[in-house]
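A closer look at the structure
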Amino acid sequence: MHRSKHTSEFQTTHSLRALGDFFYRDALPTAVKNPQWIAFNQSLAEQLNISAAEQDTDEGLAIWAGNQVPEWAKPAALAYAGHQFANLVPQLGDGRALLMAEAVDHHDKRWDIQLKGAGPTPFSRGGDGRSAIGPVLREYLLSESMHALGIPTTRALAAVASGEMVYRDGGIPGAVFTRVASSHLRVGSFQYALLHGGHEKVKALADYTISRHFPHIKKSSNAGNPYLALLNTVAEHQAELVNCWLRVGFIHGVMNTDNTSICGETIDYGPAAFIDTYNPNKVFSSIDRRGRYAFSQQPEIAKWNLARLAETLLPLLAADASHHETPKATQKEEAIELATRVLDEYSEYCEQLWLANMGAKLGIQHATKNDKALMQEFLDLLHQQNVDFTQAFWQLANELNCTQTANIGPQSPASSLFHDRQAFSEWRQRWLERLIENENNAEQVQASMRKVNPALIPRNHRVAEAIQAAEEDGDLTRFHELLEAWQEPYKMPNSELEIELYQAPKVDEEVTRTFCGT
Ligand code: AMP
Ligand code: MG
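Now for a quick tour of the structure.

About the cut-offs
- Residues numbered from 1 in each chain as written.
- Chains lettered and ligands numbered in written order.
- Predicted model: local features only at pLDDT ≥ 70, side-chain atom pairs only at ≥ 80, totals over all residues.
- Heavy atoms only, no water.
- Helix = DSSP H or I, 4+ residues; strand = E, 2+ residues; numbered from the N terminus.
- Rg over C-alpha atoms; globule rule 2.2 N^0.38 Å.
- Contact = heavy atoms within 4.5 Å.
- Areas by Shrake-Rupley, 256 points an atom, 1.4 Å probe, with all protein chains shown as cover.
- Lys, Arg positive; Asp, Glu negative; His and termini not counted.
- Charge placed at Lys NZ, Arg CZ, Asp CG, Glu CD.
- Axes fitted to C-alpha atoms, helices over the stretch in contact; angles between N-to-C directions.
- Parallel < 35°, antiparallel > 145°, perpendicular 65-115°, else oblique.
- Left-handed = near helix turned anticlockwise from the far one by under 90°.
- Nonpolar A, V, L, I, M, F, W, Y, C, P; charged D, E, K, R; others polar.
- Donors = N, O, S within 2.8 Å, 3.2 Å for Na, K, Ca; no water.
- Buried < 20%, exposed > 50% of the residue type's maximum accessible area, 1.4 Å probe, protein only.
- Core = buried A, V, L, I, M, F, W, Y, C linked by side-chain atoms within 4.5 Å.
- Near = heavy atom within 4 Å.
- Polar contact = N/O pair within 3.5 Å; in protein donor to acceptor, adjacent residues only side chain to side chain.
- Pairing = 2+ DSSP bridges.
- Disulfide = S-S within 2.5 Å.

Here we come to the overall build of the chain. Within the chain one finds 16 helices and 14 strands. By the compact-globule yardstick of 24 Å for 518 residues, the chain fits well, its C-alpha radius of gyration being 24 Å. The C-alpha extent of the chain, read off along each of the three principal axes, is 65 × 65 × 45 Å. Sequence-distant contacts, at least 24 apart, represent 70% of the contacts inside the chain between residues at least 6 apart. Of the accessible surface of the chain, which amounts to about 21300 Å², a share of 49% is contributed by carbon and sulfur atoms. Computed over 47 positive and 64 negative side-chain charges, the separation of the two mean positions in the chain equals 4 Å.

This is the structure we're talking about:
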């Protein structure tokens, strides 16, 4: 463990290196011409104990641009494979990312610090290893908004304009992004281990993952079969994550196995976006032509990705996997049965979480399967009548207390969002009857709904606006305004800006396509 010179606080480690260079390649960042600050996340830097000298200072600028490698860093590109839109690519790896170090916080938790867009690596496969400013700003805004929404996510530590152009369809200003994650291990890391190293490498990675992320497994009743417990735990985290996405209308957009984090954080914001009007089939990503990663597909896709993880773990899953006497075929059958059970349990857990989530959004405590019809009917109404997802749930809470709506719209809050008000009003009647069964007062129900239904989400047209201003005029004002306003998403919109950001896009403002922008 390294203690930085500047302060005794900032501690880094490089624990992944103990697994051997099978999993990474050393690579140095390539300096950029003229680094300029875009943003620095001071509160996150403080949480990681990054020294003041290496924060938003000249020295920090050089570090977070990749122009200077601090002594605590040992930059490396991680190796991984992945199914991209269901096609297996045996070797992907960090083509434009470098793991600098793992920061160790006060609770001994390790955080990967990674530069993105700091130049080519051994895994760049002909790419330039750079990032355009657009995807950097999108990832900064979205990941910090997700964090504020209380959703597990990688974080944004820094963004620096490179002063160089990157060439995609045309020339665009480049930038370097610093991402912080609980780790960058993905389903694709396990696939890489199996494909290139076999079961021993999978076992080494699984052991590392358990000790880094899920040490409780070693102590639990599942300790006899830690790899099954690992699969189960990853499945639970994925179910929880995807249900958070469904709660706020988030579409990841590229749920490839290499973009599926083992510790259950939202990672890789390429074409990610939030829905405005509710549509379960909604897709933003320009490359997702068949809707594989559409909004309501996300739980099934996470399950598909978990099945790919399970495949890599199969030889470790059978209870007696290490007993050589047991015939291999029997072990394999048992392993498949165990993995299948985990996947079935994932589906059941997802279903439970969906009910709990939708219940919370509608103010229904202890929702059961009997509430499903009421929930689905509301979503169907939103879909049929092109109603804004975020506004619908926000205004539904206002139905319980019409006096609080002064700033953001007309009276009888939710009904004004529907063209067919009669259909809404019939549903509303049944909803209010259901709420009465719980015997909570309206104020309590409203307060509980406010905790899960944001007023402000990073709407796609606003993100696009900030990116356009930065790309075309080098103007970051809107970016900073949005970044700040989206820090308190569950609050009643009050300021002029908040009220503006609460609004859904007008038809001509809507941005319906996003691009990976690599
Ligand atoms: P992503 O779509 O960002 O998940 O990236 C998929 C793969 O392409 C990863 O292996 C990336 O490292 C790689 N990649 C994306 N953009 C670039 C780039 N500009 N240069 C090199 N590799 C890249
Ligand atoms: Mg990726």
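That covers the picture; the talk isn't over yet.
Moving on, we come to the environment of glutamine 446. Topologically, glutamine 446 is positioned in helix α13 (residues 442-452). In this structure, the C-alpha to C-alpha distance between glutamine 446 and tyrosine 24, residues 422 residues apart in sequence, is 50 Å.

With their axes 9 Å apart at the nearest point, helix α7 (residues 226-248) and helix α9 (residues 328-362) run at an angle of 30° to one another. The angle between α7 and α9 falls in the class roughly parallel. When the axes of α7 and α9 are compared, the crossing they make is right-handed. Contacts between α7 and α9 pair Leu228, Leu231, Asn232, Ala235, Glu236, Gln238, Ala239, Glu240, Asn243, Cys244, Leu246 and Arg247 from the former with Leu338, Ala339, Val342, Glu345, Tyr346, Tyr349, Cys350, Leu353, Trp354, Asn357 and Lys361 from the latter. The class makeup of the residues in the contact of α7 with α9 is 14 nonpolar, four polar and five charged.

Surrounding the magnesium ion (ligand 2) are the protein donor atoms Asn259 (OD1) and Asp268 (OD), at 1.9 to 2.2 Å. We classify aspartate 268 as buried; its relative accessible area is 16%.

Let us look at the nonpolar core. With 122 residues, the main nonpolar core has Ile38 and Trp64 as its most contacted residues. Ranked by residue count, the leading element in this core is α7, at 13 residues. Counting residues in hydrophobic clusters, the runner-up holds 33 residues, among them Met358, Leu362, Phe389 and Phe418.

A few words on the site of ligand 1. Contacts to ligand 1 come from 18 residues, most closely from Gly93, Gly95, Asp128, Gly129 and Asp268. Measuring from a nitrogen atom of ligand 1, one finds a backbone N or O atom of glycine 129 at 2.9 Å. Side-chain polar atom of asparagine 259 to an oxygen atom of ligand 1: 3.1 Å apart, as the coordinates give it. Protein chains shield 86% of the accessible area of ligand 1, which is 480 Å² for the free molecule.

Strand β9 (residues 110-116) sits mainly inside the fold: six of its seven residues count as buried. Relative to β9, strand β8 (residues 97-104) is paired through seven bridges, and the arrangement is antiparallel. Following the sheet pairing, valine 104 is matched in β9 by arginine 110. As consecutive antiparallel partners, β8 and β9 are separated by five residues, and within that stretch aspartate 108 has a phi angle of approximately 70°, a positive value.

Turning to the side chain of asparagine 256, a few remarks are in order. By secondary structure assignment, the location of asparagine 256 is in the loop between β13 (250-251) and β14 (273-274). The buried category is assigned to asparagine 256, whose relative accessible area is 4%. Within the structure, the side chain of asparagine 256 is placed 2.8 Å from the backbone nitrogen of phenylalanine 85, a separation counted as a polar contact.

Moving on: the state of the cysteines. According to the stated counting rule, one finds zero disulfides in the structure shown. Of all cysteine sulfurs in the structure, the one in cysteine 244 sits closest to cysteine 263, which takes part in no disulfide; the separation is 13 Å. Cysteine 244 supplies the cysteine sulfur nearest to cysteine 350, a cysteine that is in no disulfide, at a spacing of 11 Å. In this structure cysteine 350 comes out as buried when scored by relative accessible area, which is 8%.

Running from N to C, α9 and helix α10 (residues 372-384) cross one another at 65°; their axes reach a closest spacing of 10 Å. On the basis of their axis angle, the class for α9 and α10 is roughly perpendicular. For α9 against α10, the interelement crossing comes out left-handed. Only Lys372, Met375, Gln376, Phe378 and Leu379 of α10 make contact with α9, whose side of the interface consists of Glu351, Trp354, Leu355, Met358, Gly359 and Leu362. The residue inventory of the contact of α9 with α10, partitioned by class, reads seven nonpolar, two polar and two charged.

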